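# Summary of the model geometry
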Amino acid sequence: MLNMLYANHIDKNSQNTEQQKIWAAVIEILHVASLVHDDILDASDTRRGIPASHVIYGKHRATFSANYLIGRAGRKISEFNDIRMFQIYSQIMDNLTNGEYLQAMKQKSFHNFHITLQNYMIKTYYKTAALIANSLQGVCQLTTIKDTVCQKSFNIGLHLGVAFQIIDDVLDYTSNTEQLGKTSLNDLKSGVLTGPVLFELFNQQKNNSPEYQLMNSVLLGQSKDYDTVNSIVLAGDGIEQSKYLAYLHTQEALKILSSINSQPDQDLISLIFMFINRNK
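Every value quoted in this text rests on a predicted model; they were computed, and no experiment measured them. (Residues numbered from 1 in each chain as written. Predicted model: local features only at pLDDT ≥ 70, side-chain atom pairs only at ≥ 80, totals over all residues. Heavy atoms only, no water.)

### Details of helix H13 (residues 238–260)
Three- or four-residue spacings in an α-helix give side chains the same orientation, since the helix completes a turn every 3.6 residues. Its 23 residues place the ends of H13 34 Å apart at the C-alpha level, agreeing with the 33 Å of an ideal helix rising 1.5 Å per residue. Of all the positions in H13, only Gly238, Ile239, Ser242, Leu245, Ala246, His249, Thr250, Ala253, Leu254, Ile256 and Leu257 are classed as buried. (Helix = DSSP H or I, 4+ residues; strand = E, 2+ residues; numbered from the N terminus. Expected span 1.5 Å × (residues − 1). Buried < 20%, exposed > 50% of the residue type's maximum accessible area, 1.4 Å probe, protein only.)

The structure is reproduced here in C-alpha cells:
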C-alpha cells in the first residue's frame, strides 16, 4: 500500500502500472520471508496472533519456504529487465542479513551511551529501515523521475523505517502478547537492547542506581528478572524518549515528502500516521 500510494505521490501516471504492482508484491514477499526467518532466530512462537510458521511446519520446512519466497521475488525482478532494480533487490537482502547478524552479536558492555545508541540505530537501519528505504527508491526508479528524487525517496523510507521500528520496540513494553500478535518482551529475554531500555538504562546509570545494576545484569544474561525491568521501563522516561526520537524521524520524512510534492496525497499521509501511531 505504501509503495502504490507513494508512486501516485511522485508520478500520477505510474500508480497503476504493472511494474509498480510487481515491485510492491516483491517487497511484500521479501518482508514475509524475513519474518519467517526472524521468528526462527528469535525463537518466537507467535506472529500476527497465530502460531509462527516454524511452530506449525517445523524449522526446516519454514526456512526452506522463506528461502523459496526470496528466490521467487528474484525471479519476478528479472521481468523488469532493469539492472538497477536487481541491484536494489540485492541491497535489500544484504541489509536484512546484516541486520539479523548485528542483532545476534549482542553487546558485552553498555557503559557508553553514544556507542550503544549508535549500534542500536545501525541495527534498526539494517533490520527494518533499509527495506522501506530501498522499497521507495525502487518505486522512483520505475518512473521517469530524476535521480535526485530517487535519493529523496530512499531518505523518506529510511526515516519512516527507523520511526516504525522504534515504535515497534515501544509496543514491546506497552502492549501484551495478544495486542502485539507476537510474544511481548521477547527482545529483552533475548538480551537485545532496544530504545525504551536503552534510554532508561542510561537514565538510571547517572545515579548508578540498583535499577541500573539490575537492568545491566538482565541484558548481559546474568539475571532473568524481566518483569522488574519491564516495570522500571514503564515507570521511567525511556518510552517517552523513544517516542520523541520516532517523532523526529517521522517529521523529517514528512519534510522530504513535501519537498517533492507540496500537496501530498492525504491517503499516503494517513497511512504513514497509521503505522507510526500504532500505540494509539
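Additional details are given in the paragraphs that follow.
### Some remarks on unusual backbone geometry
Positive phi values are uncommon outside glycine, yet Ala43 reaches one of about 55°. Using a relative accessible area of 54% as the deciding quantity, one classes Ala43 as exposed. With a phi angle near 50°, Asn208 is a residue other than glycine that sits in the positive phi range. By the element assignment, Asn208 lies in the loop between helix H10 (195–205) and helix H11 (210–219).

### Focus on the environment of Phe164
Within the secondary structure layout, Phe164 lies in helix H7 (residues 147–174). Judged by its relative accessible area of 24%, Phe164 falls in the partly exposed class.

### Re the packing of aromatic side chains
Enumeration over the complete set of coordinates arrives at five aromatic pairs. Taking 6.0 Å as the distance between ring centres and 50° as the angle between the ring planes, the aromatic pair formed by Phe113 and Phe199 counts as tilted. Placement of the pair is Phe113 in helix H6 (residues 113–141) and Phe199 in helix H10, with a sequence separation of 86 residues. Among the residues examined, Phe113 registers a relative accessible area of 24% and is labelled partly exposed. Given a relative accessible area of 12%, Phe199 falls into the buried group. A ring pair is formed by Phe113 and Phe202, whose centres lie 5.0 Å apart and whose planes are at 75°; its orientation type is edge-to-face. With Phe113 in helix H6 and Phe202 in helix H10, this pair connects stretches of sequence that are 89 residues apart. (Phe/Tyr/Trp six-rings, centres within 6.5 Å; stacked < 30°, edge-to-face > 60°.)

Don't take any of this as a statement about function, it's just geometry.
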